[in-house]
Amino acid sequence: MKSCTIYHLTHSFQLFSRHPYLSFTPNCLQLCVTRIMSRNLSSLSSINTRPFPDYSPKKPTIKDSELVYQITNAIKLRHSEPLGRILKPYESKFRSDHLIWVLMNIRNDYELVLDFFDWARLRRDPNLEARCIVVQIAVTSKDLKMAHELIRDFWANPNLNVSLSFTHFVERLIYTYKDWGSDPHVFDVFFQVLVEAGMLNEARKLFDKLLNYGVTLSVDSCNLYLTRLSSNSDMLGMTIKVFSEFPQVGVYWNTASYNIIMNALFRLGKLKEAHNLLLRMELKGCIPDVISYSTIINAYCHVGDLQKVLLLVKEMQTKGLKPNSYTYSSIILLLCRSGKVLEGKHVLSDMINEGVFPDNVIYTTLIDGFCKLGNIQAAFKLVDEMNSLNVAPDIVAYTALICGLSQSGKIMEADRLFSEMLSKGLKPDEFAYTALIDGYCKSGMIKKAFSLHNEMVQIGLIPNVVTYTALADGLCKHGELDTANELLHEMRRKGLQLNVCTYNSIVNGLCKAGNILQAVKLMEEMQEAGMHPDAITYTTLMDAYCKTGEMVKAHELLREMLDRGLQPTIVTFNVLMNGFCMSGMLEDGERLLKWMLEKGIMPNATTYNSLMKQYCIRNNMRGTTEIYRGMSGLGVMPDSNTYNILIKGHSKARNMKEAWFLHREMVEKGFKLTASSYNALIKGFFKRKKLLEARQLFEEMRKEGLVAEAEIYSLFADINYEEGNLETTLELCDEAIEMCLVDKAKNGNK
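Model, not experiment: these values are computed from the prediction.

A. Layout of the overall build of the protein chain. Summing up its helical and strand segments, the protein chain has 41 helices and 0 strands in all. In terms of C-alpha radius of gyration, the protein chain reaches 41 Å, well past the compact-globule figure of 27 Å for 750 residues. Projecting the C-alpha coordinates of the protein chain onto the three principal axes gives extents of approximately 130 × 80 × 60 Å. When burial is assessed residue by residue, the protein chain has 43% of its 750 residues classed as buried. Sequence separation of at least 24 residues holds for 61% of the intrachain contacts in the protein chain that already meet a minimum separation of 6. Of the roughly 40400 Å² of accessible surface on the protein chain, 54% is carried by carbon and sulfur atoms. Distance from the positive charge centre (85 side chains) to the negative charge centre (83 side chains) of the protein chain: 6 Å.

Below, the structure written as structure tokens:
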């Protein structure tokens, strides 16, 4: 039939094209043929569809007809009386068939249909046909919610044979469609119920079956199907396949559809394809919205591509789209993960200025970011801002703050915050307890840490491997290595999967206690337990060997580390550099620096500090300056230690002009001099007869609460005595006795 139709179309078009008043270009002819052909083929597909069946229910007997007539009249003539009362006389004779016959008579009164159906199903379960009839009436009356409930109630029965029930339900819904509703939305409702119930295979079978009747489900229903498919990681590939197939049978995807698929592609690791889909949306007639851009922005945030994120934000703003809370949240999270917490705070300000109010998650992300940077003050300012906006900090925010305070050594403040959290009705979890336990361990308050451990066990919380690692680390730092080892065995007995951090804590403790052989043995045990030492394990042992001057063994560990495919960190190289320098092997240190630069390994300030310190000890300030210039030439920024090393070196060499310049520079950058640097500067200026500068530095040092050497106190006491400042002289003498002699005695007793 199809080939016959195409022949007639072509023949007719040839005649049409020869019309004396019409002329067509070849391209135009081709376009017209294509359009007519596509329309005709579409009509052919509709010709091939199956018609819905006519409804032909069982005919009532004369006796049944009489009963149906009586029930119909009774419920139509009722006023405000309940149906239960007026239909009481008919209850004993009422059957499911009567329900359908009565519905035929009252179908135009929707409220009456619902009341009667409710009365009927209280007495016995209606048959499937009756239920489908009421569903059809509900959809025709635009009450999709009721239709949804009626279908959902049927599938809520746990004893249903899903496969058989599905087949019967589809058959009854199709059978009742033509005469009871003819509204295709009924199939959308049924499809949505199946999808919501997780019956995705049945939903697809319904979709395919309806195509035989020329019915294509709505894009909203299809989007719900896509969403449920994409929620299962194992079905992401099927989601993409459905998106590709459905347009071939008449589904026209919208912006929401593209958003679902872009998210699915990202989760499949196909970020480039997801971004390309965003670019192609408009060609398909779908305008990207805020969710479209936010989906791709979030994807680039996850892979850490800040440049792409900023370009996408700019692009969406040029299209008149304002970033929403989800967009801002993704960007702030990326910035915090990258250590750019201050920039994240600026984004928060922009967000508020745009009228988008941040939620708890955004504030918590920034609080955590500032705490990890050690900027606790900024974190608490954010808490104040949260409270002013009536956004209450949750358990995660409190845990971040407790962790930040603990890491900063402010354990009493962390404990007060823990108590505040309890007073607000927030129940601490194992993470909150672990943060506080770790703080007490770092402060050397092991008994309190174990007391908290016992407390969390008593309230039913299970300590995790991080909790025990914190306790083990605290014991090691407190010198209780045997107890730490016992704890390690206890963790094994409890079936906890020990991690590398746990072993590293004890290895570090053993190394600091000078038990290097025991640390090496523990590393071997670690490997026997199936746990592979990481760069930190090797670096810890290398550091121990370097500090004892065993550079050959340290170098052997580096070779072993490289053979295992482990990438040394900058800390590893700094440990080696410090070892070479402390052993007086400056030439080896310089060779290491050269090798690092050749391999593209960027040294940091610590790398250079080790070399400069040893050159200063040797009074070789020319060599020190060359290293500092090389460091600056590579763009490596000096840290506080760099300045203190250089200032002490130049002061000792009496290069006071250079030392004073470096002092001013470091102060401008927010760094502070150590007591030994102040002492070196003051002595240097004394030797150069620069008493004004020396006195200025001495007063500055005292204001900072730093202790000068006894020799310096003696010098200034003599100067003040000669100047006749007896009161100041006595004050300096008292201060010298208190700060120098008493402290020295205390340290000696220790």
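Resuming the write-up.
B. Examining a nonpolar patch on the surface more closely. A cluster of nonpolar residues, Leu597, Met602 and Leu634, forms a patch on the protein surface that exposes about 260 Å² of accessible area. Counting through the fold element by element, Met602 comes out in the loop between α33 (586–598) and α34 (605–617).

C. Layout of the pattern of salt bridges. Applying the stated criterion across every chain, the model contains 27 salt bridges. Between Asp543 and Lys547 there is a salt bridge; the shortest N-O distance is 3.0 Å. Of this pair, Asp543 and Lys547 are both found in helix α30 (residues 535–547), 4 residues apart, which corresponds to roughly one turn of the helix. Three or more residues are tied together by salt bridges with common partners; here these are Arg204, Asp208, Lys241 and Glu245.

D. Spatial organisation of empty space enclosed by the protein. Taken as a whole and assessed by the stated rule, the structure comprises 1 cavity of 30 Å³ or more. Considering the residues around the largest cavity, the lining is formed by Phe94, Ser96, Leu99, Ala120, Arg121, Arg124, Asp125 and Pro126. Breaking the lining of the largest cavity down by element, the ones donating at least two residues are α5 (96–106) and α6 (110–123). Grouping the amino acids of the lining of the largest cavity by side-chain chemistry returns 4 nonpolar, 1 polar and 3 charged.

E. Region of interest: the state of the cysteines. On inspection of all chains with the given rule, the structure shows 0 disulfides. The structure places no disulfide on Cys441, whose sulfur is separated from the nearest cysteine sulfur, that of Cys476, by 10 Å. Left without a disulfide partner, Cys476 is nearest to the cysteine sulfur of Cys511, which lies 10 Å away.

F. Structural detail: the confidence of the model for the protein chain. Taken over all residues, the pLDDT of the protein chain has a mean of 86, while the share at 70 or more is 92%. The model gives residues 745–750 a pLDDT under 50, and that stretch makes 0 contacts with residues more than four places away or in other chains.

G. Representation of the layout of surface pockets. Approximately 640 Å³ is the volume found for the largest pocket. Looking at the lining of the largest pocket, the elements that each hand over two or more residues are α20 (360–373), α22 (395–407), α24 (430–442), α26 (465–477), α28 (500–512) and α30. In terms of residue count, α22 provides more of the lining of the largest pocket than any other element does, 7 residues in total. Considering only residue class, the lining of the largest pocket consists of 11 nonpolar, 10 polar and 6 charged. The computed volume of the second largest pocket comes to approximately 270 Å³. Taken together, Ile240, Phe243, Ser244, Trp253, Tyr258, Ile261, Leu265, Glu273, Leu277, Arg280, Lys284 and Cys286 make up the lining of the second largest pocket. Along the lines of polarity and charge, the residues of the lining of the second largest pocket split into 8 nonpolar, 1 polar and 3 charged.

H. Structural detail: a positive patch on the surface. Judged by side-chain charge, Arg654, Lys687, Arg688 and Lys690 come together as a positively charged surface patch. Position of Lys690 relative to the elements: it lies in the loop between α38 (675–687) and α39 (691–703). Under the relative-accessibility criterion, Lys690 is labelled partly exposed at 41%.

Rules of the game
Residues numbered from 1 in each chain as written. Predicted model: local features only at pLDDT ≥ 70, side-chain atom pairs only at ≥ 80, totals over all residues. Heavy atoms only, no water. Helix = DSSP H or I, 4+ residues; strand = E, 2+ residues; numbered from the N terminus. Rg over C-alpha atoms; globule rule 2.2 N^0.38 Å. Buried < 20%, exposed > 50% of the residue type's maximum accessible area, 1.4 Å probe, protein only. Contact = heavy atoms within 4.5 Å. Areas by Shrake-Rupley, 256 points an atom, 1.4 Å probe, with all protein chains shown as cover. Lys, Arg positive; Asp, Glu negative; His and termini not counted. Charge placed at Lys NZ, Arg CZ, Asp CG, Glu CD. Patch = residues over 30% accessible without salt bridge, like charges linked within 9 Å, V, L, I, M, F, W, Y side chains within 5 Å. Salt bridge = Lys/Arg side-chain N within 4 Å of Asp/Glu carboxyl O. 1 Å grid on protein atoms, 1.4 Å probe; cavity = no way out; pocket = protein on both sides within 12 Å on 5 of 7 lines; lining within 4 Å. Points joined across faces, edges and corners; volume = space filled by probe spheres on them. Nonpolar A, V, L, I, M, F, W, Y, C, P; charged D, E, K, R; others polar. Disulfide = S-S within 2.5 Å. pLDDT = per-residue confidence, 0-100.

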